[in-house]
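As a plain string of letters, each chain reads:
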Amino acid sequence: MASIDQEWMDSVRSEYGHCFGCGPDNPMGLHVGGFARDGDIVTASFRPRDEFRGFHDILHGGVIATALDEILAWTSILVVGHMAVTAKLELRFRNAAPAGVDYQLEGRLVERRGRRLVMTATCWAGADVIAEANALFLTTEPVGGKAP
């Protein structure tokens, strides 16, 4: 994985400090972080709070959906250099999401057609694929500052 200019990354993240997905200033957020890029692929990770559980020791599915949406947004930022909004997000849950573990995320740009970004994402807990997403995002404005 290629390293990302940390000063640039900190600058972009500071503009969205209260983002529920990645904001470091949101005390209730997922705190997705550790972003890395390799070509058209972006990776990150997070450890959900105990309060995000559904029943028993299973993470609420909406948390996984949010994490997948977040890695896709960062795939647009880090691969395309544009902010983007979700137009369509299709999820397939493969396994129950255990609470109290670290999760790995991967977003991939599949195709770009003008403002339309076709992307996929995967969420793992250890070796288990928890969920996969197919998405359509629409780019908005370019990300400020130095390109990733």
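## Things to note about the overall build of the protein chain
Per the secondary structure count, the protein chain includes 2 helices and 6 strands. Secondary structure elements of the protein chain occur, N-terminal to C-terminal, as α-β-β-α-β-β-β-β. A globule of 148 residues ought to have a C-alpha radius of gyration of about 15 Å, and the protein chain, at 15 Å, matches this closely. A total of 148 residues make up the protein chain; the buried ones form 44% of that total. A sequence separation of at least 24 residues applies to 62% of the contacts in the protein chain between residues at least 6 apart. Distance from the positive charge centre (14 side chains) to the negative charge centre (19 side chains) of the protein chain: 7 Å.

## Some details on the sheet that holds strand β4 (residues 103-113)
Strands in a sheet are paired, the pairing made by backbone hydrogen bonds, and the direction either parallel or antiparallel. Taken in spatial order, the 6 strands of this open sheet run β1-β2-β4-β5-β6-β3, and their pairing is antiparallel. One side of each edge strand has no neighbouring strand; the edge strands of this open sheet are β1 (33-38) and β3 (82-93). Put simply, the sheet's adjacent strands are angled 25 degrees from each other on average, direction ignored. One ladder, built from 4 bridges, connects β1 with strand β2 (residues 41-46); its direction is antiparallel. Across the sheet, the residue bridging to G33 is S45, located in β2. Taken strand by strand, helix α2 (residues 61-80) contacts β1, β2, β3, β4, β5 (116-125) and β6 (128-142), and its axis lies near 140 degrees from that of β3.

## Concerning the packing of aromatic side chains
Scanning the model with the defined rule gives 3 aromatic pairs in all. Centre to centre, the rings of F46 and Y103 are 5.3 Å apart; their planes meet at 20 degrees, and the pair counts as stacked. Taken together, the residues F46 in strand β2 and Y103 in strand β4 connect sequence positions 57 residues apart. By relative accessible area, Y103 is classed as buried at 0%.

## Details of the pattern of salt bridges
Summed over all chains, the structure comprises 7 salt bridges. For E132, the salt bridge goes to R94, with nearest N and O atoms at 2.7 Å. Residue E132 is located in strand β6, and its partner R94 is located in the loop between β3 and β4; the two are separated by 38 residues in the primary sequence. Looking at E132, the relative accessible area reads 28%, which means it is partly exposed. Between R108 and E106 there is a salt bridge; the shortest N-O distance is 3.5 Å. Ionic contacts of the salt-bridge type, sharing partners, join the residues D50, R53 and D57 into one network.

Calculation notes
- Residues numbered from 1 in each chain as written.
- Predicted model: local features only at pLDDT ≥ 70, side-chain atom pairs only at ≥ 80, totals over all residues.
- Heavy atoms only, no water.
- Helix = DSSP H or I, 4+ residues; strand = E, 2+ residues; numbered from the N terminus.
- Rg over C-alpha atoms; globule rule 2.2 N^0.38 Å.
- Buried < 20%, exposed > 50% of the residue type's maximum accessible area, 1.4 Å probe, protein only.
- Contact = heavy atoms within 4.5 Å.
- Lys, Arg positive; Asp, Glu negative; His and termini not counted.
- Charge placed at Lys NZ, Arg CZ, Asp CG, Glu CD.
- Pairing = 2+ DSSP bridges.
- Axes fitted to C-alpha atoms, helices over the stretch in contact; angles between N-to-C directions.
- Phe/Tyr/Trp six-rings, centres within 6.5 Å; stacked < 30°, edge-to-face > 60°.
- Salt bridge = Lys/Arg side-chain N within 4 Å of Asp/Glu carboxyl O.

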